[in-house]
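Each chain, written out:
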Amino acid sequence: MSDGHSKKTFVVTRFDPDQDAAPRKQSYEVPVHPDWKVLDALNFIKDEVDATLSHRWSCRMAVCGSCGMMVNGEPRLTCKEPLSQYGDTVVVAPLANFPVIRDLVIDADGFMEKLTSVKPWIIRAKELAVEEGPMRQSPAELAEFKQFSMCINCMLCYSACPVVANEPEFLGPAAIALGHRYSLDSRDEGAAERNEVFRGEGTVFSCSFANECTEVCPKHVDPAAAVNQAKLNAVIDWASSLVLPRGGDE
Amino acid sequence: MVEVTRHDIVIVGGGAAGLRAAIAATEIDPAASIALVSKVYPMRSHTVSAEGGAAAVAREDDNFEMHGYDTVKGSDFLGDQDVIRYFVEQAPRELTLLEHWGCPWSRNDDGTVATRAFGGMSTKRTWYATDKVGFHMLHALFQHSLRFDNIVRYDEHFATRLLIDGGAVRGVAALDVRTGIVRVVLGRAVIMATGGAGKIFPFTTNGNIKTGDGMALAYRAGVALKDMEFVQYHPTGLPGTGILITEATRGEGGYLINCDGERFLTTRDYGVGTKAELGPRDMISRAIIQEIEAGRGIPGPYGEYVHLDLRHLGEAKIDARLPMVREMSKIYIGVDPVHEPIPIRPVVHYMMGGIDTDITAATSLPGLYAAGEVACASLNGSNRLGSNSLTECLVFGASAGRNAMAFAKGSGEGSEDALRRQGEEEAARIVALRGKQKGGEKLARIRADLHQAMESGCGVYRVQETMDATARAVAQLKGRYADVALEDSSSVFNTELIAALEMGNMLDVAEAVANSAAARRESRGAHTRRDVPKRDDQNFLYHTLCHFDPAGPRLGKKEVTLGHWEPEERKY
């Protein structure tokens, strides 16, 4: 087309539990602008073609983590993926490995519970008073955990993870990475508590090292490395607890 | 049918201000039940998009007097001076708490927290975590909040009405987006923390969720919106998308360049003096518009722009301090700032105005508190300084949490029957709107026309005629909105219904913006008039109040609290 638009067909998963027994596919033809991301086409459909389509989005700058979906079978942040890299047909489906609420909207409550279970907060034997001022942390100490703090909770890694696919209760890459992030933080004293969580069933030892989580992460968090390190720490912590003398009178 | 739940206090909004309020409330009483109602999962809140940093005195060469003076001068002397002094004194404490809660602040070699330069700030006092400060603060707050069992989250619940009985607010009605059920969430005090309203404009840094919901709810409940004419245009947004490129780019030494390769803030008089690129946002945005109008812009597919040049900072510094800017420039405009200048233009970013609150975050409605961008405590006056707003969310969020708890202690619960009835009325309104087929208007058209009206009348430069026209256009759009037709009748995750309810909120907020703007016949801060280019303290050194009335908004005035700094001509 003369204004730089071209047409693409979007095959979108639709499911409304009020009406549908099972998900179905619906096709839309969309005139796409060369600068558009996948999300722009979904918003065009919503505004101009079919107002009943439901999807989540907000920041459209790849940081709020709302708009993860399967695009041509791969978990992607739709606000980040340029349409120019796709052919004439683009298939958009809800994130794999999650229950679907409606259309492209998945149920994230399970992830929220997993996140809470790893105690993703600073744990200290004695809380600091605010009057004591900021703690010191060297740039090197910051670098120890910084990468794992970049997780935007978009949950693409859960969609990519072959273990989650078979074992939905698996704690999963993002939650483990965030728990591990706090254990690595020089200001934290909670590693032992989190190692106990990590030694439980369906946590770090369920990981099969497929590395898919790291490959799909849009923020280069490398959750696979976090899971690996967390596994090692959980073992070392457990082993040393067998060797070290116990407190109390003999 | 509605479902009624009861808590001690109810917080609406799960961004920095709402989460800080919730944490403050748990600290007051670990046994209290605190409802946190948010239309998105809290970590999706728009705080996440803030980039450059949070201001608080941290260095030896800095003090509260300097931070306060910078802020009141930035406000063009419309900030309330008691509020400003309270804010600057609380700021270091709040950012320290964030540090204790795990925020990964960037560090100096000695392990102390690093600070960077920001526009209008006279020394380095902006704490940062590279250029993802809002993201890190939000996640640190949210993750810290998860340890408290008594913060009861209502994720993806859209609050649509304040419930009032016996002259005090007693809770909210909230649509459970997932089920379509309307819940009556009761508490003896309510805190609004829903953020701004950038989406009333077409070209904005704001995410899709920033539709002025809390402002509209308070406005319709009889609380005035204050200083709504002051809309901050951030100087550096990406053309087309409006995605924010942080002021930290200039804090770290970036230049603004016109089509002749000229650093126009140093070669021409735009009032910023030797601050150059580190002038305040209102002045820099005006300078860019003037450069473009003088023919020194650069034409592009989304209108003319100027360049933000970071190349001289070098790859190592850009990667260390501004990694997100590099990433986003590549993804969203196809430019690597290490090798090429970034196209930018002024973009709607922040509402200085909001729900009229006092220094305790209280409103005129007993039991209702507000904090963050949704509120107007009059910290920012007519122009906010960059990096004051994240700190503002913490300082006034904490204050709102504490003061709402104190209020709740001495307050009754109201009549549950009366509150339930209000909830049922609200549920009936929502059910009637859902999938409403009767009507001749399309939601997307109303939104497009609202955008067009707001941009033409309430831009960087304004004149009486177009402001009046915008106010009339918004009034007409409210009429058209009543005739909107919807397609989606599902009770489950009905985003068309949400968008329709948000549109109602946006129209109310837009009404307040346009009418407040048309009545201020002077230029001050971000409200810049071509037909009245001077500030007029004699006649306009007051806050604008805008009161809801079904027949059209009523405007009033409120005194500015002075007393510490004498208003003076604003020159840098």
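Residues numbered from 1 in each chain as written. Chains lettered and ligands numbered in written order. Predicted model: local features only at pLDDT ≥ 70, side-chain atom pairs only at ≥ 80, totals over all residues.

Concerning the nonpolar core
Using the following cut-off: Structurally, a nonpolar core is described as a collection of buried Ala, Val, Leu, Ile, Met, Phe, Trp, Tyr and Cys residues joined by way of C-beta atoms within 7 Å. Exposure criterion: with C-beta atoms placed from backbone coordinates, a residue whose C-beta has 20 or more other C-beta atoms within 10 Å is buried, one with 12 or fewer is exposed, and one in between is partly exposed. Going along the chain from the N terminus, every DSSP run of H or I of four or more residues is numbered as a helix, and every run of E of two or more is numbered as a strand.
In terms of nonpolar packing, the biggest core is built from 255 residues, with Ile11, Ala21, Val37, Val172, Ile191, Ala370 and Ala371 of chain B touching the most fellow members. Ranked by residues supplied to this core, first place goes to helix H15 (residues 495-519) of chain B with 14 residues.

Quick look at the pairing of strand S2 (residues 9-12) of chain B
All names here are of chain B. Applicable threshold: Only when DSSP finds a minimum of two bridges between them are two strands counted as paired. With its strands directed away from the observer, a crossover is right-handed exactly when the path from the first strand over the helix to the second travels clockwise.
With burial as the criterion, each face of S2 is covered, one bearing Ile9 and Ile11 and the other bearing Val10 and Val12. Both S2 and strand S3 (residues 34-38) contribute to a ladder of four bridges, which runs parallel. Counterpart to Val10 in the pairing with S3 is Ala35. Assessed by its sense of winding, the connection that carries the chain from S2 through helix H1 (residues 16-28) to S3 is right-handed. The pairing of S2 with strand S11 (residues 189-192) spans four bridges and is classified as parallel. Bridging across to S11, Val10 finds its partner in Val190.

Quick look at the sheet that holds strand S4 (residues 54-55) of chain B
Residues and elements named next belong to chain B. Strand order in the open sheet made by the three strands is S4-S6-S5, with antiparallel pairing throughout. Strands with a single pairing partner mark the edges of an open sheet, and in this sheet they are S4 and strand S5 (115-116). Examined bridge by bridge, S4 and strand S6 (residues 126-127) share two bridges and lie antiparallel to one another. Bridging across to S6, Ala54 finds its partner in Trp127.

Observations concerning the packing of helix H6 (residues 173-184) of chain A against helix H7 (residues 191-198) of chain A
All names here are of chain A. What counts, and what does not: To get an axis, a line is fitted to the C-alpha atoms, and for a helix only the part in contact is used. The angle between two axes follows their N-to-C directions and goes from 0 to 180 degrees. Each angle receives one of four descriptions, namely roughly parallel if under 35 degrees, roughly antiparallel if over 145, roughly perpendicular if within 65 to 115, and oblique otherwise. Each helix crossing is assigned a hand: it is left-handed if the near helix lies turned anticlockwise from the far helix by less than a right angle, otherwise right-handed if that turn is clockwise. The contact rule is simple: place each C-beta atom from the backbone, and if two of them lie within 7 Å, those residues are in contact.
Put simply, H6 and H7 touch, their axes get as near as 9 Å, and they point 155 degrees apart. The angle between H6 and H7 places the two elements in the roughly antiparallel class. For the pair H6 and H7, the crossing hand works out as left-handed. Contacts between H6 and H7 involve Gly179, Tyr182 and Ser183 on the former and, on the latter, Ala191, Arg194 and Val197.

Some remarks on the interface of chain B and chain A
To keep things clear, this is the line we draw: Amino acids are sorted into nonpolar (Ala, Val, Leu, Ile, Met, Phe, Trp, Tyr, Cys and Pro), charged (Asp, Glu, Lys and Arg) and polar (every other residue, Gly among them).
At the junction of the two partners, chain B supplies 44 residues and chain A supplies 44 residues. Sorting the residues of the side of chain B that touches chain A by element identifies helix H3 (81-100), helix H4 (133-145), helix H10 (323-333) and H15 of chain B as the ones contributing at least two each. When residues in the side of chain B that touches chain A are grouped by element, the largest group, five residues, is from H3 of chain B. Broken down by class, the residue content of the side of chain B that touches chain A amounts to 18 nonpolar, 16 polar and 10 charged.

Focus on the confidence of the model for chain B
Rules: Every residue gets a pLDDT, meaning the predictor's confidence in that residue, from 0 to 100.
Across chain B, the average pLDDT comes to 97, with 100% of residues at 70 or higher. Per the prediction output, this complex has pTM 0.97; the corresponding ipTM is 0.97.

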